[in-house]
Protein chains: 2
Amino acid sequence: MISVDAFDLKILTALQDDGRLTNQELADLAGLSASQCSRRRMRLEEEKVISGYHADLSSEALGFGVIAFIQVGLATHSPDNSKRFRALVNRIDEIQEAYSLTGDADYVLKAVLRDLKGLSNLVNDVLMPHQSVAHVRSSIVLDRLKESAKLPLRELKAG
Amino acid sequence: MISVDAFDLKILTALQDDGRLTNQELADLAGLSASQCSRRRMRLEEEKVISGYHADLSSEALGFGVIAFIQVGLATHSPDNSKRFRALVNRIDEIQEAYSLTGDADYVLKAVLRDLKGLSNLVNDVLMPHQSVAHVRSSIVLDRLKESAKLPLRELKAG
DNA sequence: TCCCGTTTGCACGCTCCTTGCGTGTCTTAT
DNA sequence: ATAAGACACGCAAGGAGCGTGCAAACGGGA
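Since the model is a prediction, treat every value here as computed from it, not as a measurement. (Residues numbered from 1 in each chain as written. Chains lettered and ligands numbered in written order. Predicted model: local features only at pLDDT ≥ 70, side-chain atom pairs only at ≥ 80, totals over all residues. Heavy atoms only, no water.)

Turning to the packing of aromatic side chains, a few remarks are in order. Here the structure, examined in full by the defined rule, presents five aromatic pairs over all chains. Between Phe85 of chain B and Tyr107 of chain B the ring centres are 4.6 Å apart and the planes differ by 40 degrees, which places this aromatic pair in the tilted class. Residue Phe85 of chain B is found in helix H4 (residues 79-91), and its partner Tyr107 of chain B is found in strand E4 (residues 107-113); the two are separated by 22 residues along the sequence. For the pair Phe85 of chain B and Tyr107 of chain B, one class covers both residues: buried. A network of ring pairs unites the aromatic residues Phe69 and Tyr99 of chain A together with Phe69 and Tyr99 of chain B as a single cluster. Arg114 of chain A extends its terminal NZ or CZ atom over the ring of Phe64 of chain A, reaching a point 5.4 Å from the ring centre. (Phe/Tyr/Trp six-rings, centres within 6.5 Å; stacked < 30°, edge-to-face > 60°. Helix = DSSP H or I, 4+ residues; strand = E, 2+ residues; numbered from the N terminus. Buried < 20%, exposed > 50% of the residue type's maximum accessible area, 1.4 Å probe, protein only. Lys NZ or Arg CZ within 6 Å of the ring centre and 35° of its normal.)

What follows is the structure, encoded as structure tokens:
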């Protein structure tokens, strides 16, 4: 079992905020020496508690003006059809997130696009015509209140 | 205006995949020298094209078993009420993403929780009773096909 | 109390980062 | 056509950061 103590939590919280922190900076934040932070960080990476590090790019600066949520209903719920749909989703870079949900729709996709033409293209020329898909309904994001991938570690106690 | 050339795109693409890449590794990938990659990276950070670096933590390893999408309708659409709701969303760490959308609901939230009890607590004890909120409908994620925050830089041409 | 496994801080050799500098290229004005 | 300026490049050097070895400190069980 993976055990994460209070020091690990401080390190994880800090790296979640800034993935380029120096071991010395981590040490100052966590109250440890730099070498120890290095060792703990390596262990957390080894155990896949830290699954990776990523640069966060500005969609505005790079000209991605449209975010959309797309609800998709499948034509049939056969394993084959699901597989086809998953393969489709995986090869479309514009789809950042994809989930199957309880409730109305079979799947919800979150897509990032350059403009509405890009959304139209994705919905009408890629998703709709695909054999696995029965119906599609898209909602455009008007305002982004919050967008991060940070886990709420605050409440976690050492284990 | 921010200009991003083909070298910058290679650097951004690489850092989006691995935010801890060495300047030398970037150099090998982009076909530049390490010092030049350092300079370009600093410029991209300065211009906020790179808005930050983050460690990606494993929700499974840390015991977050539930992801939910929560559709929220506001009681009124007055500016005051919106403001109250936004403040609420901002101070709840379990809410990773929050958007206002076209279509049925006013807002959609994505929340990460330890278990269903955590979701129940968020929906019934925090969101529902809040004065700004009229109705709430939550959908639980059954399966995560894809989850990243990578922008589809593939298609971008130098500008 | 003693023992053993674990965790820690420190020191050191090695890698990596950044800045200064000289060179080559492209653009613009004469 | 040519001179001058701006820009991006690679190289080299000095300084910062990284990870491993090691000995000391700590903590739980016999």
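Structure's up, so let's keep going.
Right, let's get into the protein's contact with DNA strand C. Around DNA strand C there are 15 residues in total, and Ser33, Gln36, Arg39 and Arg40 of chain A together with Ser38 of chain B lie nearest to it. Backbone sugar and phosphate groups make up 60% of those atoms of DNA strand C lying within 4 Å of the protein. Between DNA strand C and Ser33 of chain A there is a distance of 2.7 Å, counted from a phosphate oxygen to a side-chain nitrogen or oxygen. A distance of 2.8 Å is found between a base oxygen of DNA strand C and a side-chain nitrogen or oxygen belonging to Arg39 of chain A. Top contributing element to the surface near DNA strand C by residue count: helix H3 (residues 34-46) of chain B, with five residues. (Near = heavy atom within 4 Å. Polar contact = N/O pair within 3.5 Å; in protein donor to acceptor, adjacent residues only side chain to side chain.)

Let's shift gears to the layout of surface pockets. Estimated volume of the largest pocket: approximately 1300 Å³. Along its surface, the largest pocket is lined by 48 residues, and Ser148, Ala149 and Lys150 of chain A together with Asp56 and Ala149 of chain B are the ones closest to its centre. Its residues placed into classes, the lining of the largest pocket shows 15 nonpolar, 15 polar and 18 charged. Of the pockets and cavities examined, the second largest pocket occupies roughly 380 Å³. (1 Å grid on protein atoms, 1.4 Å probe; cavity = no way out; pocket = protein on both sides within 12 Å on 5 of 7 lines; lining within 4 Å. Points joined across faces, edges and corners; volume = space filled by probe spheres on them. Nonpolar A, V, L, I, M, F, W, Y, C, P; charged D, E, K, R; others polar.)

We now examine the relation of the copies chain A and chain B. Expressed as a screw operation, the relation of chain A to chain B combines 0.0 Å of axial shift with a rotation of 180 degrees, fitting to an RMSD of 0.1 Å. Overall, the copies show the geometry of a two-fold rotation axis. By C-alpha distance to the rotation axis, the residue of chain A lying nearest is His54 of chain A, at 2.8 Å. In this assembly, 100% of the residues forming the interface of chain A have copies in chain B that are likewise at the interface, indicating an isologous arrangement. (Least-squares fit on C-alpha atoms with pLDDT ≥ 70 in both. Contact = heavy atoms within 4.5 Å.)

For the rest of this paragraph, the subject is the UniProt feature "domain: HTH asnC-type" (unreviewed entry) in chain A. This chain's UniProt record puts "domain: HTH asnC-type" (unreviewed entry) on residues 4-65 of chain A. For residues 4-65 of chain A, helix accounts for 53% and strand for 13%, while the C-alpha atoms at its two ends are 40 Å apart. (UniProt positions renumbered as here; feature names shortened; annotations may be inferred.)

So, on to the protein's contact with DNA strand D. The environment of DNA strand D is made up of 14 residues, and the closest members are Ser38 of chain A together with Ser33, Gln36, Arg39 and Arg40 of chain B. When atoms of DNA strand D within 4 Å of the protein are split into backbone and base, the sugar-phosphate part holds 61%. Within the contact set of DNA strand D, a phosphate oxygen lies 3.0 Å away from a backbone nitrogen or oxygen of Asn23 of chain A. Here a phosphate oxygen of DNA strand D and a side-chain polar atom of Arg40 of chain B are 2.8 Å apart. Elements that contribute at least two residues to the surface near DNA strand D include exactly helix H3 (34-46) of chain A together with H3 of chain B. Grouping the constituent residues of the surface near DNA strand D by class yields three nonpolar, seven polar and four charged.

Counted by the stated rule, this structure contains 24 salt bridges over all chains. Put simply, Asp5 of chain A and Arg40 of chain A hold a salt bridge, and the shortest N to O gap is 3.0 Å. Placement of Asp5 of chain A in the segment before helix H1 (6-17) and of Arg40 of chain A in helix H3 is noted, with a sequence separation of 35 residues between them. In this structure, Glu97 of chain A engages Lys110 of chain B in a salt bridge whose closest nitrogen and oxygen atoms are separated by 3.4 Å. Of this pair, Glu97 of chain A sits in strand E3 (residues 95-101) while Lys110 of chain B sits in strand E4, each in a different chain. Like Lys110 of chain B, Glu97 of chain A is buried. One salt-bridge network, held together by shared partners, links Glu60, Glu97, Lys110, Arg144 and Glu147 of chain A together with Glu60, Glu97, Lys110, Arg144 and Glu147 of chain B. (Salt bridge = Lys/Arg side-chain N within 4 Å of Asp/Glu carboxyl O.)

Next up on the list: the interface of chain A and chain B. Tallying the contact residues gives 65 residues for chain A and 65 residues for chain B. In total, about 6400 Å² of surface goes out of reach between chain A and chain B, with carbon and sulfur atoms giving 55% of it. Of all residues in chain A, Arg20, Leu145 and Lys146 of chain A bury the most surface against chain B, accounting for 13% of the area lost on that side. Linking chain A with chain B are four salt bridges. Joining chain A to chain B, the criterion identifies 51 residue pairs in polar contact (both at pLDDT 80 or more). Counting residues per element, the ones that place at least two in the side of chain A that touches chain B are H1, strand E1 (50-57), helix H4 (79-91), E3, strand E4 (107-113) and strand E5 (133-147) of chain A. Considering each element in turn, the side of chain A that touches chain B owes the most residues, ten residues, to E5 of chain A. (Buried area = accessible area lost by both parts, 1.4 Å probe.)

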